[in-house]
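Survey of secondary and tertiary structure
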Amino acid sequence: QVQLVESGGGLVQAGGSLRLSCAASGSIFSASNMGWYRQVPGKQRALVAAITPSGSTSYAASVKGRFTISRISAQNTVYLQMNDLKPEDTAVYYCHADRLLTGTGLVVDVWGQGTQVTVSS
């Protein structure tokens, strides 16, 4: 079974840093675009950062300059380094892959289970 497994969330004070990790598990040959989204209660899930297989990145305006997305394609792993965290960054963060090429075929629109990030003021 193919899945995305996130780790690294937690509680941090404003101005602090956290690093989220997301590993694709299962028989996976490659991953296409991957990204991190976040969601707070009562609001839609929103894109935070994305990265292509070649390493091109994009960021939401609210995190640009503070967050960095990276990936190790050979390990089908993506990271989100979050610096200078603010209380408004508090949310559940989800890892996402557009497409995963697996041993049994193509799997699309894959989500992780989410990891809570809480930033205290």
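Above this text you will find the structure in question.
Residues numbered from 1 in each chain as written. Predicted model: local features only at pLDDT ≥ 70, side-chain atom pairs only at ≥ 80, totals over all residues. Heavy atoms only, no water.

1. Things to note about the state of the cysteines
- In the structure shown here, the tally under the stated rule is 1 disulfide.
- In this model, Cys22 is linked to Cys95 through a disulfide, with the two sulfur atoms separated by 2.1 Å. Looking down the S-S bond of the Cys22 and Cys95 bridge, the torsion is -80 degrees, so its handedness is left-handed. You can see Cys22 sitting in strand β3 (residues 18-25) and its partner Cys95 sitting in strand β10 (residues 91-102), a full 73 residues away along the chain.
- In this structure Cys95 comes out as buried when scored by relative accessible area, which is 0%. (Disulfide = S-S within 2.5 Å. Helix = DSSP H or I, 4+ residues; strand = E, 2+ residues; numbered from the N terminus. Buried < 20%, exposed > 50% of the residue type's maximum accessible area, 1.4 Å probe, protein only.)

2. Overview of the layout of surface pockets
- Taken as a whole, the largest pocket holds about 160 Å³ of empty space.
- For the lining of the largest pocket, the secondary structure elements donating two or more residues are β5 (34-39) and β6 (46-51).
- Among the elements that take part in the lining of the largest pocket, β6 stands out by supplying 3 residues, more than any other. (1 Å grid on protein atoms, 1.4 Å probe; cavity = no way out; pocket = protein on both sides within 12 Å on 5 of 7 lines; lining within 4 Å. Points joined across faces, edges and corners; volume = space filled by probe spheres on them.)

3. Comments concerning a nonpolar patch on the surface
- A cluster of nonpolar side chains, contributed by Phe29, Leu101, Leu106 and Val108, occupies part of the molecular surface with about 420 Å² of accessible area.
- Inspection of the secondary structure puts Leu106 in strand β11 (residues 105-111). (Patch = residues over 30% accessible without salt bridge, like charges linked within 9 Å, V, L, I, M, F, W, Y side chains within 5 Å. Areas by Shrake-Rupley, 256 points an atom, 1.4 Å probe, with all protein chains shown as cover. Salt bridge = Lys/Arg side-chain N within 4 Å of Asp/Glu carboxyl O.)

4. Thoughts on the packing of aromatic side chains
- Within the structure shown, the criterion is met by 2 aromatic pairs.
- Between Tyr37 and Trp111, the ring centres sit 4.9 Å apart and the planes meet at 65 degrees, which makes this aromatic pair edge-to-face. Of this pair, Tyr37 sits in strand β5 while Trp111 sits in strand β11, and the two are 74 residues apart along the sequence.
- A ring pair is formed by Tyr94 and Trp111, whose centres lie 6.5 Å apart and whose planes are at 85 degrees; its orientation type is edge-to-face. Placement of the pair is Tyr94 in strand β10 and Trp111 in strand β11, with a sequence separation of 17 residues. (Phe/Tyr/Trp six-rings, centres within 6.5 Å; stacked < 30°, edge-to-face > 60°.)

5. Looking at the pairing of strand β8 (residues 67-72)
- A one-sided burial pattern is seen for β8, the buried positions being Phe67, Ile69 and Arg71 and the unburied ones Thr68, Ser70 and Ile72.
- Here β8 pairs with strand β9 (residues 77-82) via 6 bridges, running antiparallel. Pairing of Ile69 across the sheet is with Leu80, part of β9.
- What sits between the antiparallel neighbours β8 and β9 is a turn of 4 residues, in which Asn76 has the positive phi angle 50 degrees. (Pairing = 2+ DSSP bridges.)

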